[in-house]
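Tertiary structure, described
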Amino acid sequence: MKYVDYYKTLGIERNATEAQIKKAYRSLAHKYHPDISKEPDAETKFKEVAEAYTTLKDPEKRAAYDNLGQHRQGDDFVPPHQWQQHFHESSEDFSDVDLSDLLKAFAEAQREGAANYANRARHGETFEFTMPVTLEQIYNGAETEISVAVPDYDSQGLLHRVPKTFRIRIPKGAADGQRLRLAGKGGQGMNGGQPGDLFVIMKLQPHRYFQVNGNDLALEVPLAPWEAVLGASVEIPTLGGPVSLTIPPGTVAGRKMRLSKRGLPGSGNVQGDMYAVITIEVPTSVSEREKALYTELAAASSGFEPRRQRFAGGQS
């Protein structure tokens with residue numbers, strides 16, 4: 001196929017505006033019009049100018065022409081591979097094709113393809129939303145409602161956010177960040193296409209008592225000094241309800257006491273553990289009677305020196 005430089009034919013730059021294209025065409029059409037021109041080959045020149053103008057005045061044809069790339073006037077060239085794919089042709093099949101006819105056919109095919117795309121069935125969009133969940137909900141499993149504003153199209157084809165409420169089942173042993181799929185609850189399909197899905201991402205909320213480590217839980221258990229020294233039985237909360245914890249005499253701060261299978265459920269019927277982490281709380285306000293008893297206790301316990309072993313040997 002011979003390349004025709006339509007911009008050179010009209011004597012304009014490749015970035016010329018529509019107004020500049022029209023002005024150049026009118027000037028050259030008047031110059032080469034067969035009825036008035038005295039130029040040699042005026043009729044041929046007039047047809048070339050008309051062909052160039054017909055292509056460059058049409059935005060779609062001009063875009064298709066520009067996509068061919070730049071070549072020298074009269075060069076033999078083969079259309080790009082995407083053109084050959086579009087027309088299901090080999091390079092040899094374009095040898096006797098006129099460039100203007102090819103551009104016209106390609107522009108029409110592009111319009112037809114756009115129309116087919118607009119009318120074909122399209123799957124709806126998939127949306128994701130975050131839903132806060134509590135330890136109690138994932139420990140026992142639960143059902144809850146979530147209200148979200150899902151983008152949707154009205155009867156006029158305009159996009160709006162439509163509030164919708166969904167009933168969600170939180171599975172027992174669900175994990176922080178786990179995604180729950182609501183099939184068909186996402187964006188509306190177009191032209192008969194299937195609706196998209198809605199994914200709910202669970203976000204575990206901080207608990208006032210428990211810290212989470214995988215399927216295990218940790219709970220700080222404060223003791224009074226005498227409970228730590230003498231031992232005691234104290235009631236502590238768990239996700240399954242309150243339980244009694246036996247504190248051995250001489251329990252120190254920081255000790256971890258394991259409560260088997262009192263943690264979170266996991267996959268494969270695995271149940272985590274709960275760890276009671278002991279702290280010792282000291283009264284910050286005491287009565288005269290209590291002060292006297294502590295003074296008496298200090299005198300009776302003068303042999304207990306907690307810093308002697310810790311700081312033995314002095315500073316290095």
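Just so we're clear, the structure is a prediction, and the values are computed from it rather than from any experiment.

The helix and strand inventory of the chain stands at 10 helices and 11 strands. Counting all 316 residues of the chain, 31% fall into the buried class. Counting only contacts in the chain whose residues sit at least 6 apart along the sequence, the fraction spanning at least 24 positions is 54%. When the accessible surface of the chain is split by element, carbon and sulfur atoms take 48% of a total near 20,800 Å².

So, about the pairing of strand β10 (residues 256-259). Because side chains alternate across β10, one face comprises the buried residues Met257 and Leu259, and the other comprises Lys256 and Arg258, none of which is buried. The pairing of β10 with strand β11 (residues 274-280) spans 4 bridges and is classified as antiparallel. Among the inter-strand pairings, lysine 256 is bridged to a residue of β11, identified as valine 277.

This next bit is on helix α2 (residues 18-32). Helical periodicity: at 3.6 residues per turn, an α-helix aligns residues three or four positions apart in one direction. For α2, with 15 residues, the first-to-last C-alpha span of 21 Å sits near the 21 Å given by 1.5 Å per residue. For α2, the complete set of buried residues consists of Ile21, Ala24, Leu28, Ala29 and Tyr32. Looking down the long axis of α2, one finds its buried residues gathered within 130 degrees of arc, a one-sided arrangement. Along α2, exposed side chains directed more than 90 degrees from the buried face belong to Ala19, Lys23, Arg26 and His30. Buried residues along α2 sit in contact with α1 (6-10), α3 (42-56) and α4 (59-66).

Turning to the packing of aromatic side chains, a few remarks are in order. Two aromatic rings are characterised by how far apart their centres lie and by the angle between their planes. Under the criterion given, the structure shown has 4 aromatic pairs. Between the aromatic rings of tyrosine 7 and tyrosine 65, the centroid separation amounts to 6.0 Å while the plane-to-plane angle is 45 degrees, which identifies the pairing as tilted. Of this pair, tyrosine 7 sits in helix α1 while tyrosine 65 sits in helix α4, placing them 58 residues apart in sequence. Assigned by exposure class, tyrosine 7 and tyrosine 65 land together as buried. For arginine 179, the ring lying beneath its charged end belongs to phenylalanine 199, and the centroid distance is 4.3 Å.

This next bit is on the side chain of aspartate 5. Checked against the element boundaries, aspartate 5 lands in the segment before α1. Buried within the structure, aspartate 5 lacks any salt-bridge partner; arginine 14 is the closest side chain of opposite charge, at an N-O distance of 4.4 Å.

Scanning all chains against the criterion turns up 8 salt bridges. A salt bridge links arginine 14 to aspartate 66; its shortest N-O distance comes to 3.6 Å. On the criterion of sequence distance, the pair formed by arginine 14 in the loop between α1 and α2 and aspartate 66 in helix α4 is long-range, its members being 52 residues apart. For aspartate 273, the salt bridge is made with arginine 258, and the minimal N-O distance between the two is 2.9 Å. Pair noted here: aspartate 273 is in the loop between β10 and β11 and arginine 258 is in strand β10, with a separation of 15 residues, a long-range link. Relative accessible area serves as the criterion here: at 52%, arginine 258 is assigned to the exposed category. A single salt-bridge network, built from bridges that share partners, covers Glu143, Glu145 and Arg167.

Before going further, it helps to examine the sheet that holds strand β6 (residues 210-213). Strand order in the open sheet made by the 4 strands is β6-β7-β11-β10, with mixed pairing throughout. Whereas interior strands pair on both sides, the edge strands pair on one side only; in this sheet they are β6 and β10. Sheet twist, expressed as the mean angle between neighbouring strand axes with direction ignored, is 30 degrees.

A few words on unusual backbone geometry. Despite not being glycine, aspartate 41 shows a phi value in the positive range, around 55 degrees. Here the phi dihedral of lysine 261 falls at roughly 55 degrees; this positive angle occurs in a residue that is not glycine. By the secondary structure assignment, lysine 261 is in the loop between β10 and β11. For lysine 261, a relative accessible area of 58% gives the class exposed.

Here the focus is the confidence of the model for the chain. Per-residue confidence for the chain gives a mean pLDDT of 82, with 81% of residues at or over 70. Per-element confidence in the chain is highest for β11, whose mean pLDDT is 97, and lowest for helix α5 (residues 81-87), whose mean pLDDT is 51. Overall, residues 87-93 carries pLDDT values under 50, and its contacts beyond four positions in sequence, including any with other chains, amount to 9 contacts.

Reading the values: rules and limits
Residues numbered from 1 in each chain as written. Predicted model: local features only at pLDDT ≥ 70, side-chain atom pairs only at ≥ 80, totals over all residues. Heavy atoms only, no water. Helix = DSSP H or I, 4+ residues; strand = E, 2+ residues; numbered from the N terminus. Buried < 20%, exposed > 50% of the residue type's maximum accessible area, 1.4 Å probe, protein only. Contact = heavy atoms within 4.5 Å. Areas by Shrake-Rupley, 256 points an atom, 1.4 Å probe, with all protein chains shown as cover. Pairing = 2+ DSSP bridges. Expected span 1.5 Å × (residues − 1). Arc of directions from axis to C-beta. Phe/Tyr/Trp six-rings, centres within 6.5 Å; stacked < 30°, edge-to-face > 60°. Lys NZ or Arg CZ within 6 Å of the ring centre and 35° of its normal. Lys, Arg positive; Asp, Glu negative; His and termini not counted. Salt bridge = Lys/Arg side-chain N within 4 Å of Asp/Glu carboxyl O. Axes fitted to C-alpha atoms, helices over the stretch in contact; angles between N-to-C directions. pLDDT = per-residue confidence, 0-100.

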